[in-house]
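What follows is the residue order along each chain.
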Amino acid sequence: MQQYFEVKRGLPPGTLLLFRLGDFFEMFYEDADAGSRLLGLTLTRRQDAPMAGIPYHAVDNYVSKLLAAGRKVAICDQQEPARPGRLVRRTLIRILSPGTTLAANHLDAGRNHYLCALAFDKGVLRAAWLDLSTGEFKIATDRHPENLLPVLAALDPREVLVPEGSLEAWRTVPHEQTAVRALHAFCTGRACAELPGYHFDTAAGARTVMEALGVLNLEGFGLSHTHPGLGPAGALVYYATEHLCARPENLRTLQEYRSTHTLLLDPATLRNLEIFQSARGTRDGSLLGAIGRTVTAAGARLLERWLAAPTLDLAEIRRRQTVVGELLAQPPRLAELHALLRNVRDIPRILGRLQNRLRNPRELGGVKDTLAQLPALIDCVGSFEAGPVPPVELTGNPRAAIRDLQVRITDLPALRDLLRRALADELPVDLLEGGYIRGGFDAEVDRLRGLTRDSKTWLSDLERSEQERTGIKSLKVRFNSVFGYYLEVTKANLRLVPDDYIRRQTTVGGERYVTEALKQKEKEILHAEEKAVARELELFNELVTAVIAEAPALQRTADALAEVDVLAGWADLARDWDYCRPELDESDVLEIQEGRHPVVEQMLKSPDVSPALGGQAFVPNDVVLSCAEAQILVVTGPNMAGKSTYIRQVALITLLAQIGCWVPAKRCRIGLVDRIFSRVGASDDLARGNSTFMVEMNETANILNNYTVRSLIILDEIGRGTSTYDGLSIAWAVVEHLHHHADRGPRTLFATHYQELTQLEKHLPRLRNCSVAVKEWNDDIVFVRRVVPGAADRSYGIQVARLAGLPLSVIDRAKLILSKLESDDTEVDLPAPDARPKRKLTVKPGDAAQLDLL
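Residues numbered from 1 in each chain as written. Predicted model: local features only at pLDDT ≥ 70, side-chain atom pairs only at ≥ 80, totals over all residues. Heavy atoms only, no water.

On a plain count of helices and strands, the chain comes out with 26 helices and 29 strands. The principal-axis extent of the C-alpha atoms belonging to the chain is close to 120 × 70 × 60 Å. Residue burial in the chain is summarised as follows: out of 854 residues, 51% are buried. At a minimum sequence separation of 6, the contacts of the chain that also span at least 24 residues come to 69%. Here the chain displays about 38900 Å² of accessible surface, and carbon together with sulfur accounts for 52% of that area. Once the 104 positive and 111 negative side-chain charges of the chain are each reduced to a mean point, those two points are 3 Å apart. (Helix = DSSP H or I, 4+ residues; strand = E, 2+ residues; numbered from the N terminus. Buried < 20%, exposed > 50% of the residue type's maximum accessible area, 1.4 Å probe, protein only. Contact = heavy atoms within 4.5 Å. Areas by Shrake-Rupley, 256 points an atom, 1.4 Å probe, with all protein chains shown as cover. Lys, Arg positive; Asp, Glu negative; His and termini not counted. Charge placed at Lys NZ, Arg CZ, Asp CG, Glu CD.)

Written as structure tokens, this is what we have:
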């Protein structure tokens, strides 16, 4: 207990300590109370001390639950075998938190696992983020937090570090300080830790970061030692060091993120467009789920990063498109490439664990398996160079892109041969089990194993001879960690025990004995086993050193294979769903011919889709927008007709084009977009005191305050969360605001039920009307899903209500009320006593900014 309290005193407040005692990790006192509640464990007491235990072999599963609950967990483990009469040496080996855990079963293999640090002072947001499992390390700073928060939200860090007092200060600022309020909203719902402010100091952070990277200055990374982002970066390194109980050893580079180099997607857009997860909170039904054809963990994480920060670099976009085209042109080789990639292990995370002393034989086995695939992978990737030229018009040398990927895959024959010769075919998880060094690799291991095998034969012979000598046919030679080897005799045979047996223990069923010969042989066996395990451990560490020495080449290879994996998946996607290569340029146009929604199209073919929709073909539609001519497209039509699907598919096709993916369309040309904004759907945020309408207005305000002329905006049903006239007035004013932007404005799609807005086409030269067509048949409607020029003539709300199953009495009554309202008959017999006359909205000729309410 003295050991326990010494470790416990040095832990951060609120950390649960798991303390190894034999075959269990125990929690004591308040940790036992909290742990038993979170994990459903039985709470016991010893000498009035509450305690709860976890079997050591199941500790990872329990730790995962604690981390998911946002708790920190400290692991204090035994550093030597237990020996009678001696206190076992124990040390704190690491502190686990949601953002610093490295164990494979604590991480989602296909998702990045970021730890983020933020500081906001003097109007500047300073940020840094680190994936400790792979060593990815970036910093950023911006005087406009709204430019940086979108990418941080997309990265979805598991834990956030902030200076002490920041969370409360950000929570209590006036509502008009939207940037600070956005910081608090970003932190809300995430695991957050507050550190003393001096850990975020720029000068101290620069020193800490340089020490972690092993460099004398940061000029080699294109950074000054006064970069404001180095303060949060230093906080990350300090926090990681405290939790690993050693400096992180897998940090080799530091990159600066600049929001001006990427397309920005704010949190509302990520949610509304269902980029990373669907409205149900799952990957199925999201854009990531629809385009994710990766077969490696590193490839899945790279795809997530590309979606979180789509590039504005035209050359890079075209390079990715070119590789997809080359892979697509040769289906048999593409299938072979996928088969090879399936045998590639998660090298970045394996290296991260090995470099940070979280080691087991199977990690080296993963490196061995991957190295075995490299010669075939290099040949396979290179074979695409020799194939036919893809049937697309490419920019630049069509072979250079694939050749660049091939040369980045580095074969390591010496390391491959070493691991092949050294490692057994079946590898244990625990180093102390031994048996992971292949027989014939090391003469000393073979000799010691031979002694152990001979001793096991001797024990078997002893059991047989003692059965014959004593006449006790049930006599057994057994072993446990407390008494070592012993002879077990049942009670029924105790009268046959010879005098030279030495009794060691009485059990319920009999007695346990030893002999002098058995004690001597036990020393030989245990000594040989102990020396064999020690020798294997020595060889294992040498193998780890050899792997780490090649870490830079392995990391480069892993990065290249991840990229090949993503692009090969996109080639499969393009072939299966008939995608085209989009043309991207610096223009302000957005032209899509026969575009399709990438998620809905796939869902219509899914066996899980509603029988009413199953088997239907997605109806493609065109769109033409430009900043200077057809800038705003007002989309009208009934509910369920497909307005929301149409405007969202335009945004998703644009996003796909800018990550370098091919797109679901017959033809596509897009001028680069710097931000995608969306205001779609209805939801409230009662926890923060925001009604549905307030959420809608917050998102609309964010759009109007932050768009640029190169932005793409999709708006769905602005103003529907309040009264009809208030909502219409706001929607009208929003359209005018977006249009009255000199002679150019952001490309915008505006879906609405307000028929009055269609009048604006006569007075706003860059506004166009279109509608989703329907057909009427015997007072029913048929959705044809086709977008046509011109405004819809009516909303068909009552017909849609009937399709939804409203009682016929309600439908009939609604028809009567509608006919009275449409005829301006204010004497209609309505239940409400305050019925008001219908008011018509018109625009005065020649002045689109003036609105008459008559």
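The structure having been displayed, the exposition proceeds.
Next up on the list: helix 15 (residues 361-383). In this model, helix 15 (23 residues) spans 34 Å end to end at C-alpha, consistent with the 33 Å of a helix rising 1.5 Å per residue. Residue Leu-374 marks the point of greatest curvature in helix 15, where the axis turns by about 40 degrees; the proline Pro-375 follows within four residues. Counting buried positions over the 23 residues of helix 15 gives 17, a clear majority of the element. For helix 15, the N-terminal cap is Asn-360; the gap from its side-chain oxygen to the backbone nitrogen of Arg-362 is 2.8 Å. (Expected span 1.5 Å × (residues − 1). Bend = angle between axes of the 7 residues up to and from the residue. Polar contact = N/O pair within 3.5 Å; in protein donor to acceptor, adjacent residues only side chain to side chain.)

Mapped onto the secondary structure, Ala-58 falls in the loop between strand 4 (49-55) and helix 3 (59-68). Separated by 33 residues in sequence, Ala-58 and Phe-25 have C-alpha atoms that sit 9.6 Å apart.

This part is about the sheet that holds strand 20 (residues 621-626). Spatially, the 4 strands line up as an open sheet ordered 18-22-19-20, and their pairing is mixed. Every other strand in the sheet has two partners, leaving strand 18 (583-585) and strand 20 as the edge strands with one partner each. If you compare each strand with its neighbour and ignore which way they point, the axes differ by 10 degrees on average. In terms of strand pairing, strand 19 (residues 589-595) meets strand 22 (residues 667-671) through 4 bridges, oriented antiparallel. Of the residues in strand 22, the one forming a bridge with Leu-590 is Ile-670. Packed on one face of the sheet, helix 22 (residues 643-658) meets strand 18, strand 19, strand 20 and strand 22 and runs near 110 degrees to strand 19. (Pairing = 2+ DSSP bridges. Axes fitted to C-alpha atoms, helices over the stretch in contact; angles between N-to-C directions.)

The next point concerns the pairing of strand 9 (residues 136-142). A large share of strand 9 lies buried, amounting to 5 of its 7 residues. Connecting the antiparallel pair strand 8 (residues 124-131) and strand 9 is a turn made up of 4 residues, with Gly-135 showing a positive phi of about 90 degrees. As paired elements, strand 9 and strand 12 (residues 255-256) share 2 bridges and run parallel to each other. If you follow Ile-139 over to strand 12, its bridge partner there is Glu-256.

Bringing the packing of helix 13 (residues 331-341) against helix 15 into the picture now. Put simply, helix 13 and helix 15 touch, their axes get as near as 10 Å, and they point 155 degrees apart. When the interaxial angle is binned, helix 13 and helix 15 end up roughly antiparallel. The chirality of how helix 13 crosses helix 15 is left-handed. Within the contact between the two elements, helix 13 uses Arg-333, Glu-336, Leu-337, Leu-340 and Leu-341 and helix 15 uses Gln-373, Ala-376, Leu-377, Cys-380, Val-381 and Ser-383. (Parallel < 35°, antiparallel > 145°, perpendicular 65-115°, else oblique. Left-handed = near helix turned anticlockwise from the far one by under 90°.)

Below, the discussion takes up the environment of Phe-24. With respect to the helices, strands and loops of the structure, Phe-24 is situated in strand 2 (residues 24-28). Looking at Phe-24, the relative accessible area reads 36%, which means it is partly exposed. Note: C-alpha distance between Phe-24 and Leu-427 (403 residues apart in sequence) is 24 Å. Once residues lying within four places of it in the same chain are set aside, the contact partners of Phe-24 are Phe-19, Gly-53, Ile-54, Pro-55 and Tyr-56.

With respect to burial, helix 4 (residues 145-155) is a largely interior element, 10 of its 11 residues being buried. Inspection of helix 4 places Pro-145, Asn-147, Leu-148, Leu-149, Pro-150, Val-151, Leu-152, Ala-153, Ala-154 and Leu-155 among the buried residues, and these make up the whole buried set. Note on helix 4: the residue one or two positions beyond its end, Asp-156, has a positive phi of about 55 degrees.

The subject of this paragraph is the nonpolar core. Ranked by size, the top nonpolar core spans 143 residues in total, and within it Leu-118, Leu-152, Leu-327, Leu-337, Trp-570 and Leu-749 carry the most contacts. The element contributing the most residues to this core is helix 20 (residues 551-577), with 16 residues. Core analysis: the second largest hydrophobic core is formed by 30 residues, Leu-132, Ala-233, Ala-235 and Leu-244 among them. (Core = buried A, V, L, I, M, F, W, Y, C linked by side-chain atoms within 4.5 Å.)

Okay, the packing of helix 15 against helix 17 (residues 413-422) next. Relative orientation and spacing of two packed helices are given, respectively, by the angle between their axes and the distance between those axes. Their axes nearest at 9 Å, the elements helix 15 and helix 17 cross at an angle of 130 degrees. In terms of orientation, helix 15 lies oblique with respect to helix 17. Along this stretch, helix 15 crosses helix 17, giving a crossing that reads as left-handed. Contacts from Leu-364, Val-367, Lys-368, Leu-371, Ala-372 and Pro-375 in helix 15 reach Leu-415, Arg-416, Leu-419 and Arg-420 in helix 17. Its residues assigned to classes, the contact of helix 15 with helix 17 comprises 7 nonpolar, no polar and 3 charged. (Nonpolar A, V, L, I, M, F, W, Y, C, P; charged D, E, K, R; others polar.)

Turning next to the side chain of Asn-621. Within the secondary structure, Asn-621 sits in strand 20. When its relative accessible area of 6% is taken as the criterion, Asn-621 is described as buried. A polar contact is formed between the side chain of Asn-621 and the backbone nitrogen of Val-787, at a distance of 2.7 Å. If we ignore the near neighbours within four places in the chain, the residues touching Asn-621 are Ile-592, Gln-593, Glu-594, Gly-595, Tyr-646, Gln-649, Arg-785, Arg-786 and Val-787.

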